[in-house]
Amino acid sequence: MKLGKVSNSQMIKEINQQKVLRLIYTEGPIARVDLAGKTGLTQQTITNIVNRLLSENLILETTPTSNGGRRRPIPLVINSRNMYAIGIELAIKYVRGTLMDFQNNSVKEVTEFVPRYENEEHPMEYIFKVIDQLLEHVPDQEGLKGIGFSIQGLVNSNKGTVIYSPGLRWRDFPLKKKLMDRYGLPIYLENDANLLAIVESLNGKLASSEQSIVFKFDYGIGSAMVINRQLLHGANYVAGELGHYKAFTGSDAIACHCGAKGCLTTFASISGLKRNAGFTLEEFSKKVRANDLETMELFEKIQGAIAKAIANVITLFNPEHILFTGRFMDKIGDLLIPLIKKEVLALIPDSCRNVKIIVLDETPDESRSAAGLVMNHFFNVPFNEFY
Ligand SMILES: [Zn+2]
């Protein structure tokens, strides 16, 4: 919902309606009486809101379970069959899109591989190609509620701009505006690590967590910090740039694309391994598993650097949970993470040692998560990030 210039009572009415809609989404099927109980609103207010939502076709009444002939309250559900979202994963080597319905079924998936982006307009060609193909499969255009993006780079999700993404050749790029001009739909952007933190905090492995940090080791390195269930953006939307943590010293401190030296990403990422050690992730994993001496030396340096960086971040932020993900960890996390865990626990102070370390089995499909971002916004209650 949009909050324009409206009166206070109108605003409260809209917030209440959005609260009810979100509860039906997260807890439906749910009866009117339970909506009143959970929101603290009166039965009459709930009746008015539910009538409005029914007339707008946003919710449906379902059949109550029978109870020996006694009348049971009618459960309400979201009318999700005719609601859709498009999610786009904007990676350095490909653009991947998924059209999903609001019941989390994938309707159509499209991937376009990119040899190399030539200039700042070039990624748009691939993005349009993917979205245009997906649009052909939307059964009812009215039902399409928006397009969400997961982006490897620094994103101002408020303004809808990409602050910096070296791989996409973007600097202060107005992605949201360009897409709204063409499609006229709500557009949502989020950095890939932040998006993971949002999705996992909503209904995933971090659902119970108030303080968590996500570490994504992939083509580059990203991290996202959730403090008191709010995503920490920082003054310029660049908080959590763990890739540029100073991790290597002496002769191991190599120049980074950011202009500094010795950054964690210069070795502990897919792009860093390739650029500075000449390995693909596949080759690196094979040589480590074959106990190749020279490669093992690099492996130990990387393991030590990651452990130190993460121990320092834990000492600063005292999170309840930290979560590892990304294709770098998908490939060699089985060897790397047990060692990192052990070293991190040995490095952090006693007071922080109850931190729980979680590893995702596999990096989630980010185009699906990006579609989830659209759904989350559609059911969002203003002034409240995750509830
Ligand atoms: Zn750097």
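For the structure, check the block above.
Thresholds applied
- Residues numbered from 1 in each chain as written.
- Predicted model: local features only at pLDDT ≥ 70, side-chain atom pairs only at ≥ 80, totals over all residues.
- Heavy atoms only, no water.
- Helix = DSSP H or I, 4+ residues; strand = E, 2+ residues; numbered from the N terminus.
- Rg over C-alpha atoms; globule rule 2.2 N^0.38 Å.
- Buried < 20%, exposed > 50% of the residue type's maximum accessible area, 1.4 Å probe, protein only.
- Contact = heavy atoms within 4.5 Å.
- Areas by Shrake-Rupley, 256 points an atom, 1.4 Å probe, with all protein chains shown as cover.
- Pairing = 2+ DSSP bridges.
- Axes fitted to C-alpha atoms, helices over the stretch in contact; angles between N-to-C directions.
- Donors = N, O, S within 2.8 Å, 3.2 Å for Na, K, Ca; no water.

Draft legend 1. Up close: the overall build of the protein. A tally of regular secondary structure across the protein gives 11 helices and 16 strands. In terms of C-alpha radius of gyration, the protein reaches 23 Å, essentially the compact-globule figure of 21 Å for 387 residues. When the backbone C-alpha atoms are referred to their principal axes, the protein occupies close to 75 × 50 × 40 Å. The buried share among the 387 residues of the protein stands at 50%. Look at the contacts in the protein between residues 6 or more apart in sequence, and 61% of them connect residues 24 or more apart. In the form shown here, the protein has an accessible surface area of approximately 18,600 Å², with 49% of it arising from carbon and sulfur atoms.

Draft legend 2. Examining the sheet that holds strand 9 (residues 161-165) more closely. As summarised here, the arrangement of the 3 strands in space is 8-9-10, forming an open sheet in which the pairing is antiparallel. On the outer flanks of this sheet lie strand 8 (154-156) and strand 10 (170-173), each paired with one strand and no other. Across the sheet, the axes of successive neighbouring strands diverge by a mean angle of 20°, strand direction being ignored. Bridge count between strand 9 and strand 10: 3 bridges; the pairing is antiparallel. Following the sheet pairing, serine 165 is matched in strand 10 by tryptophan 170.

Draft legend 3. Representation of the coordination of the zinc ion. Around the zinc ion, the protein supplies His244 (ND1), Cys256 (SG), Cys258 (SG) and Cys263 (SG) as donor atoms, at distances of 2.0 to 2.4 Å. As a motif over one chain, the donors of the zinc ion read H-x11-C-x1-C-x4-C. Of the two residues, histidine 244 is situated in the loop between strand 14 (230-231) and helix 7 (270-277) and cysteine 256 in the loop between strand 14 and helix 7; the sequence distance between them amounts to 12 residues. Assessed through its relative accessible area of 10%, cysteine 256 is described here as buried.

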